[in-house]
Amino acid sequence: MKKWLLLVSLGLFFLPDLTAQQRRVTGKVTAAEDGTPLPGVSVKVKGSNAGTSTAADGSYSINVNQGQVLVFSFVGATTLERAVGTSNVMNVALRSDARALNEVVVTALGVRQDRRSLGYAVQEISSSDIAASNQANPLNALKGRATGVQITSGGGAAGAGSRIQIRGVNSLNPSANNQPLFVIDGIPISNNTDQFGIDPNTRAGGDVFQNTNRAADINPEDIETISILRGPAASVLYGLRAANGAIVITTKSGKAGVTSCNYKVSYSFDDVATVPPIQTTFGNGNNNAFVSSVNTWGPKIDPSLPVYNPYDLFFKTGNQLQNSFTFSGGNEKATYFTSISNLDQAGVVPNSSYGRTSIRIAGTLKASDKFKFDGSANYINSGGSNPRTGVNSGAINYLMRHTNTADPSDYLMADGSQKVYNSGIDNPFYFAENAYLKDNVNRILGNIGVDFTANKWLSFNYKAGIDHYTDFRSAYIEQGLIVNRQGAMTEQRVSYNEINSNFIAKAVKDFNEKWTGTFLLGHSFTNIKQTNVSMNGTQAIAPNFESINNYSVYTTTTYPGEKNIIGVFADAKIGYDNTLYLDLTARNDWSSTLPKSNRSFFYPSASLSYVFSETLGLSDNPVMNFGKLRFSYAEVGKDADPYQIGMYYSTLQAFDGIGGVRREVRVGSENLRPERTKGLEMGGEFKFLRDRVSLDANYAITNSIDQIVPVPISFGSGFDVYVTNAGKIRNRSLELQVNASLINKRDLRWSVNANWARTKGRVLAMPEGVKEIIFNPESPWVKQIIKEGGRPGDWYGWPLLRVNSPGDPNDGQLIIGANGLPSITSVLADNYLVGNAYPDWTGGVGSSLIYKGIALSFLFNFRKGGDVFDISRRQRYETGIGAETELRNASVIFKGVKNTGTADNPVYVRNDIPATIDQTFYNASFNYRLASENNGLQDGSWVRLQNVSLSYNLPKSVLGKTFIKSASLSVTANNLWVSTPFVGFDPEGSTYGAGSNAVGYVGTGVPTTRSFFMGLNVNF
């Protein structure tokens, strides 16, 4: 008993000292770069299970003994350890860790999230990758890098736009927008390609110019990261405008305590990458005789006469001069970032130029521990001049039809008028200088936001932004040109104004050591107003006078448009033991473009992420140290364009002083519903060899239903088009991405990356009573048609006839007709599936090698399959300028079989009928244009060296004690080399430009170019 009393007494004696060693330590964790609070930082007592995490304002509190060590860890930051001393307050600042930053990505609404917690695929492209490409248009920097993303260049004209599409086509409507939503710093912006002369409502009509997409206005030097949200689950929080995915751009900002000035300049030489081969044996004429004709089917050229290659003479060396200056810095209370950039581009064709000037100011202000403000303003002026490049008339069209015996560069008479060798065409030089489009774009992008931290777990954010631009255009056609002998001019003003307002309430809560939760509620409002006003003048009064007042006849058209979208959304993310994450999202939108009864629509999403490597204890496994499986399901809606419901009327031009009003022949359903896209996605992320190799695999299925499509109806109804809900498309996508760090030493780093993706679309249902929908036919002989059971991009035409008798030794052989030529179907009114414009798969392989101050990188871009219709090849065959036509005046026997029996009972034997290869044969495009075996469709596959970059950082010993902190010299090449079975210009360039859904038509625009850059980058 005495012993127990002694122990109790000793315990009571020492208890005050023991309890005095343990106390509550509080503090705040911030980012070392800019002083912003870091929520969700793990704070653990080293060697024990005790721990907590920081609240929304970065604060924490924990019971700990003096002398113990606190471990602060956060995704994207270097882990920090601090011993507990005598103070009860411990504030720490965590620095970014370049390696750990790869685990943090920007997702919807600009929220940075740990990649391991995401149940859907997100890919992030860094500023270094964008800078390495030296592309003036940020979209082009994604080529070969973005998995499952198809980027199509509008061509090589100065300032030409690019089209982006993620995981295939989601709409049966030929005029629908299938491109993703663009978001900058949490605020949506326009990426419109406002094609000249296009009706904004129906997207019909218009001339063919290679207009710029509006994302090209963004200065690449302002971009920090680009996140690609491919599926509905990733983009559902953005609502109906992100039904095709989202491109989320985060811009650069100032860092606290770091003042930085940067100047970057580069200069390029640009030339046309590939041109069609021409024949130089035969000259101007028809049927082997010289006649005044646009054709080159004449006699052999006299060796004493000069021979001209029109392409070599017409295309010149273009150039780009890019200058960019940035200045940033700040302290713990405020940061700032400013940039000024200028691009001046001279194109590869006459009268082709483009320029862009951008000024941006951004900053943050920490008014108190609870309030933080941020904002940015960006002014862009861009525009230039480009010649007309139409399908049936245009500078490239006339160039392709020019003979090899006349010098196209000799095109002016003594009086300044046009000199042509044949009145059937215009001289391409003269046409380029006298039929062109000028545009001048002024754009303002701005946003302002405020963050309010209510307490440790609750915060609020409000952000509003504006995107406003006006594009003033002038299209001019001089008198005497074939396209309009009397001359014409159009002045067009496109005005776009978008206002976005977002409010978000966010709660971060740790329920215990294992369970965490993040909850978000929000509201958004979008108002979009568009105006398109055009005045067209014809019948010029005075020649060579570019003024809208110089015409006798005028017509004026205007296309106003407005829509409002209101949305509310919620997101709940629950995490368990850093292993299992469940994310539930819901959104409801109201759209003003839908009927009152249907304008409200709801769509949810759910995603699950399971880091199985935590459960299996693989974190330190030398072979596979990380593994995650993910699964998601999401729905997202899509509304209609403005003015698609009911009947509309338009005024008629006055005739003899009397005007009028007419009812449009287009009518929309009064019960129009929103389209819906339902997406199922599953995949995984795996890391091997202690993070040196990573694999991301993804499989997705999306079904788009209730398509809003224009359906042809009987003229007896008084209309010819009815807009209604009908049709269903399914897309299946498989995506793979591999990254490997082969060598990672102080002076030597070597990494490689690769991606591969395949998307297959299928039309599951068509509108009732509609058998087919035609997409942008170039002519009656070649067209893309959508049919039930078919695929978007299906080519229809007339194939060459072949024996169809399985088991017969002649099965598959060409059937040769009595004239010795391959036969085609006799029912020319029927359409036959002959190919598809979309590739079988796409991919890219790149590598980066850094040794001390020298960095070398390259990127290959792959495309397998995809049938391309080359409009220019048809022209080259008809005129006889193409190198393929050099085989002429010869008798050949086509490989195939002839029918010695009857049509009902054919008997096939080996063909022995000779056929003459002459002008008539090559001009028989009506019969053979669509046959893939002849001069119709071609394989659009390619292997392309997309980018090569070599840079050298000047050593500090060279810079000495100058004010220059660092400097580098670089040489960069884009589109340096391409290998393709395609014969003609580069098969990448789109005939109809970046704003069209017509895929696979090539050959009449300014061809794509390759560029060689020399650059200097200085930090001081």
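What counts, and at which threshold
Residues numbered from 1 in each chain as written. Predicted model: local features only at pLDDT ≥ 70, side-chain atom pairs only at ≥ 80, totals over all residues. Heavy atoms only, no water. Helix = DSSP H or I, 4+ residues; strand = E, 2+ residues; numbered from the N terminus. Rg over C-alpha atoms; globule rule 2.2 N^0.38 Å. Buried < 20%, exposed > 50% of the residue type's maximum accessible area, 1.4 Å probe, protein only. Contact = heavy atoms within 4.5 Å. Salt bridge = Lys/Arg side-chain N within 4 Å of Asp/Glu carboxyl O. Pairing = 2+ DSSP bridges. Axes fitted to C-alpha atoms, helices over the stretch in contact; angles between N-to-C directions. pLDDT = per-residue confidence, 0-100. Phe/Tyr/Trp six-rings, centres within 6.5 Å; stacked < 30°, edge-to-face > 60°. Lys NZ or Arg CZ within 6 Å of the ring centre and 35° of its normal. Core = buried A, V, L, I, M, F, W, Y, C linked by side-chain atoms within 4.5 Å.

**Thoughts on the overall build of the protein**
In terms of helices and strands, the protein carries 12 helices and 55 strands. Taking 1020 residues into account, the globule formula puts the C-alpha radius of gyration at 31 Å, and the protein, at 33 Å, falls close to it. With respect to the three principal axes, the spread of C-alpha positions in the protein is 130 × 70 × 65 Å. Looking at the 1020 residues of the protein, the share that counts as buried comes to 52%. Contacts spanning at least 24 positions in sequence make up 68% of the contacts within the protein whose residues lie at least 6 apart.

**Some words on unusual backbone geometry**
The phi dihedral of Arg 167 falls on the positive side, at around 55°, and the residue is not glycine. Looking at the element boundaries, Arg 167 is found in the loop between β12 (162-166) and β13 (181-184). For Arg 167, a relative accessible area of 5% gives the class buried. The backbone of Asp 577 sits at a positive phi, close to 55°, despite the residue not being glycine. Its location among the elements puts Asp 577 in the loop between β26 (551-576) and β27 (580-591). Exposure remark for Asp 577: the relative accessible area of 34% places this residue in the partly exposed category.

**Concerning the pattern of salt bridges**
Under the criterion given, the structure shown has 33 salt bridges. For Asp 583, the salt bridge identified is with Lys 573, shortest N-O distance 3.2 Å. Taken together, the positions of Asp 583 in strand β27 and Lys 573 in strand β26 put the pair 10 residues apart, joining distant regions of the chain. Looking at Asp 583, the relative accessible area reads 6%, which means it is buried. Taking relative accessible area as the criterion, Lys 573 reaches 11% and is therefore assigned buried.

**Considerations on the sheet that holds strand β42 (residues 815-816)**
Reading across from one edge, β42-β48-β49 is the order of the three strands in this open sheet, with mixed pairing throughout. Edge strands, defined here as strands with exactly one partner in the open sheet, are β42 and β49 (908-910). Across three bridges, strand β48 (residues 897-899) lies against β49 in antiparallel orientation. Of the residues in β49, the one forming a bridge with Val 897 is Arg 910.

**Topic: helix α9 (residues 871-879)**
For an α-helix the count is 3.6 residues per turn, leaving residues at separations of three or four pointing the same way. Burial of α9 is extensive: eight of the nine residues sit out of reach of the surface. Among all positions in α9, only Ile 871, Ser 872, Arg 873, Arg 874, Gln 875, Arg 876, Tyr 877 and Thr 879 are buried. Just beyond α9, the residue with positive phi is Gly 880, at close to 85°.

**A closer look at the sheet that holds strand β35 (residues 708-712)**
Either a parallel or an antiparallel arrangement is found when strands of a sheet pair, and the pairing is made through backbone hydrogen bonds. One open sheet accounts for three strands, arranged β32-β36-β35; its pairing is mixed. Sheet topology places β32 (666-668) and β35 at the edges, where each strand pairs with a single neighbour. Mean inter-strand twist for the sheet, computed between neighbouring axes without regard to direction, equals 30°.

**Notes on the environment of Phe 269**
Structurally, Phe 269 can be placed in strand β17 (residues 260-272). Sequence spacing of Phe 269 and Gly 984 is 715 residues, and the spatial spacing of their C-alpha atoms is 22 Å. Other than its neighbours up to four places away in sequence, Phe 269 contacts Thr 317, Gly 318, Arg 1010, Ser 1011, Phe 1012 and Met 1014.

**What to know about the confidence of the model for the protein**
In this model, the protein carries an average pLDDT of 88, and 93% of its residues clear a pLDDT of 70 or more. Here residues 1-20 scores under 50 on pLDDT; set against residues more than four positions off or in separate chains, the count is zero contacts. Note on residues 928-932: pLDDT under 50 across the span, and 29 contacts to partners over four residues away in sequence or across chains.

**Let's talk about the pairing of strand β34 (residues 693-705)**
Where a strand is regular, its side chains alternate between the two sheet faces. Both strand β33 (residues 675-688) and β34 contribute to a ladder of 13 bridges, which runs antiparallel. Following the sheet pairing, Leu 680 is matched in β34 by Ile 701. Linking β33 back to β34 in an antiparallel pair, the connection comprises four residues, with Leu 689 at a positive phi of about 55°. The pairing of β34 with strand β37 (residues 728-744) spans 12 bridges and is antiparallel. Bridge pairing in β37 links Ser 704 to Ile 729.

**Describing the packing of aromatic side chains**
Here the structure, examined in full by the defined rule, presents 32 aromatic pairs. Ring geometry for Phe 612 against Phe 686: centres 6.3 Å apart, planes inclined by 50°, an arrangement best described as tilted. Of the two residues, Phe 612 sits in helix α8 (residues 612-615) while Phe 686 sits in strand β33, which places them 74 residues apart along the sequence. This pair shows no difference in class: Phe 612 is buried, exactly as Phe 686 is. Their ring planes at 75° and their centres at 5.3 Å tell us that Phe 921 and Tyr 922 sit as a pair that is edge-to-face. Residue Phe 921 is classed as buried on the basis of its relative accessible area, which comes to 12%. Given the relative accessible area of 7%, Tyr 922 is considered buried. Through a chain of ring-to-ring contacts, the aromatic side chains of Tyr 311, Phe 314, Phe 315, Tyr 411, Phe 429 and Phe 985 assemble into a single cluster. Its guanidinium or amino end placed over the ring of Phe 626, Lys 687 lies 5.5 Å from that ring's centre, counting from NZ or CZ. Note that Arg 944 overlies the ring of Trp 942, its terminal NZ or CZ placed 4.2 Å from the centroid.

**Side note on the nonpolar core**
Tyr 311, Phe 314, Phe 315 and Ile 396 are the most contacted members of the largest nonpolar core, which totals 27 residues. Mapped by element, the contributors of at least two residues to this core are α5 (310-314), α6 (395-400) and α7 (428-434). A per-element tally of this core places α6 first, with five residues. Dropping the residues within four chain positions of it, Tyr 311 is found in contact with Val 275, Pro 276, Ile 278, Leu 399, Met 400, Arg 876 and Phe 985. Ranked by size, the runner-up nonpolar core spans 22 residues in total, among them Ala 141, Leu 142, Ile 151 and Ile 226.

**Some remarks on the pairing of β37**
Relative to strand β38 (residues 748-765), β37 runs antiparallel, the two sharing 16 bridges. Bridge pairing in β38 links Arg 730 to Arg 762. Once β37 ends, the chain turns through three residues before running back antiparallel as β38.

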